[in-house]
Amino acid sequence: MSSTDHSREPCPLVILNDLGGAFVMGGLGGVIWHGVKGFRNSPSGERLAGAKLSIKTRAPVSGGNFGMWGGLFSGFDCAVKGVRKREDIWNGIIAGFFTGGTLAIRGGWRSIRNGAITCGILIGCIEGVGLLIQRANTQVPVAPPMPAEPLAA
Amino acid sequence: MSWLFGSSSTKATQQAQAEPNPQFQFQKPANTIDSIYDAANIDDSTDDVLDIQEDQLSSIEGSQSIIPSRDWRDDLCYGTGTVYGLSLIGGSTYGLIESFGKIPQGASFKLQLNTVLNNITKRGPFIGNHAGILAMNYNFINSGLDYYRNKHDDYNTLAAGALTGALFKSTKGLKPVLYASGLCTIGAGAWCGFKRMYLNNDDQSAKKLD
């Protein structure tokens, strides 16, 4: 993510896109996660009903939590980009810092600080790994072998 | 979202890398684009090597909407995001208004603030989550119908709304299913009307500009 990704929308619109994408991810993940959880935690004979109930009550919440996180992160990312006017991994780290702080805002200063630092470090790790993968995948450009005779134009 | 679902646009580049015609070695070298196309057996009329398909807008007939979208993933993300965000804001506003009647008399400022915030966070996410799930299902079904019929019109939208409502209440019995289905169909119809009005206005203003 260290360079501009041209396959994505410009800034105000990308917040909606990320909000929806994160919600869908959380919702579908929640269906699987809570389906399995409800299935396993029910007595035999009511396993399917338990899975259904668990999905129905928990999957929207999981989608909402993911969506909230993704939307806040994208919004802060856009704001940071607008202020700093550059694209590097620090955008994500700063946005993650603010996101973690915002999500913990009801818990008092201590929890805001802890949440912000944890989230910033987490995003830093993800961005760092992404950078390493990108660097490993980048091939050093090699000059093509010169033809023996110049091509006829 | 291409980082999540992978990219679907490798067709053009794959064709370009397909085995080159060995006869090319013996042809006289020419550096025009056309000769490269001929050498790689690419039909110029259908595929374009330099075509960046990521940026192409959706080509399904009648699928053009208010926000430009490239494929069903964009539709899904934008639709869900918009509905979730708007209903979250709406639900929070409802919770805020509702909380004014619940503030205990003579309480400290901190207690009043917490009463209001608790009420907002009770209503907002509840309404937002359920509306988001509805929008997600609606968009999945709508895109599936688009893909199946290869065109988009009002019947698609209405059918997707009906199916979404039915799916949402599918565990509650026949009567709630019918109610929810009807309500969602009405909602989808309202969305159709709104879109038509908006797009028509757009056309008219474009005509005026011309």
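Numbering of residues begins from 1 in every chain and follows the order in which that chain's sequence is written. Ligands are numbered from 1 and chains lettered from A, in the order in which they are written. Per-residue local features of the predicted model are confined to residues with pLDDT of at least 70, and side-chain atom pairs are confined, for both listing and counting, to 80 or more; whole-chain, interface and lining totals are unaffected and use all residues. Side-chain calculation: all heavy atoms of the structure are included, whereas hydrogens and water are not.

A.B. asks: When you look at the overall build of chain A in this model, what are you seeing that I'm missing?
C.D. replies: Helix and strand counts for chain A come out as four helices and zero strands. Secondary structure elements of chain A, listed N to C terminal, follow the sequence α-α-α-α. Only C-alpha atoms enter the radius of gyration; for comparison, a globular chain is expected to reach 2.2 Å times N to the power 0.38, where N is the number of residues. Compactness check: chain A gives a C-alpha radius of gyration of 22 Å against a globular reference of 15 Å for 153 residues, more than 25% above the reference. Along the first, second and third principal axes, the C-alpha atoms of chain A reach 80 × 45 × 25 Å. Per-residue burial over chain A gives 32% buried out of 153 residues. Across chain A, contacts joining residues at least 24 apart in sequence account for 53% of those joining residues at least 6 apart. Working definition: helices are DSSP H or I runs of at least four residues, strands are E runs of at least two. Numbering for both runs from the N terminus. Relative accessibility decides the category of a residue: with a 1.4 Å probe and only protein chains considered, values under 20% of the type maximum give buried, values over 50% give exposed, and everything between is partly exposed. By the convention used here, residues are in contact when the closest approach between their heavy atoms is within 4.5 Å.

A.B. asks: Would you mind showing me how to read the pattern of salt bridges here?
C.D. replies: For side chains of opposite charge, pairing can occur when their charged atoms come near one another. Residue and element names in this part refer to chain B. Salt-bridge detection follows one rule: a side-chain nitrogen of Lys or Arg within 4 Å of a carboxyl oxygen of Asp or Glu. Evaluated as defined, the whole model comprises four salt bridges over all chains. Of the charged contacts in the structure, one is a salt bridge between Arg123 and Glu98, with a shortest N-O distance of 3.1 Å. Note that Arg123 is positioned in helix H5 (residues 109–149) and Glu98 in helix H4 (residues 72–99), a separation of 25 residues in sequence. The partner of Asp154 in a salt bridge is Arg196, and the shortest N-O contact between them spans 2.5 Å. Remark: Arg196 occurs in helix H7 (residues 174–209) and Asp154 occurs in helix H6 (residues 154–168); sequence separation between them is 42 residues. With a relative accessible area of 48%, Arg196 lands in the partly exposed category.

A.B. asks: In this structure, what is going on with the packing of helix H1 (residues 11–41) of chain A against helix H2 (residues 47–84) of chain A? I would like to understand it.
C.D. replies: Residues and elements named next belong to chain A. Running from N to C, H1 and H2 cross one another at 155 degrees; their axes reach a closest spacing of 5 Å. Considering the angle they form, H1 stands roughly antiparallel to H2. The way H1 lies across H2 gives a crossing that is right-handed. Only the stretch in contact is used when a helix axis is fitted, and all axes are lines through C-alpha atoms; the angle between N-to-C directions ranges over 0 to 180 degrees. Relative orientations are named as follows: roughly parallel for angles under 35 degrees, roughly antiparallel for angles over 145 degrees, roughly perpendicular for angles from 65 to 115 degrees, and oblique for any other angle. Left-handed describes a crossing whose near helix is turned anticlockwise from the far helix by less than a right angle; the clockwise case is right-handed.

A.B. asks: What's the story with the environment of Cys125 of chain A in this structure? I'm lost.
C.D. replies: Residue and element names in this part refer to chain A. Following the sequence through the fold, Cys125 ends up in helix H4 (residues 109–137). Relative accessible area serves as the criterion here: at 46%, Cys125 is assigned to the partly exposed category. In the structure, Cys125 is positioned 32 residues away from Ile93 in sequence and 9.1 Å away in space, judged by C-alpha atoms.

All quantities given are derived from atomic positions and should not be read as evidence of function.
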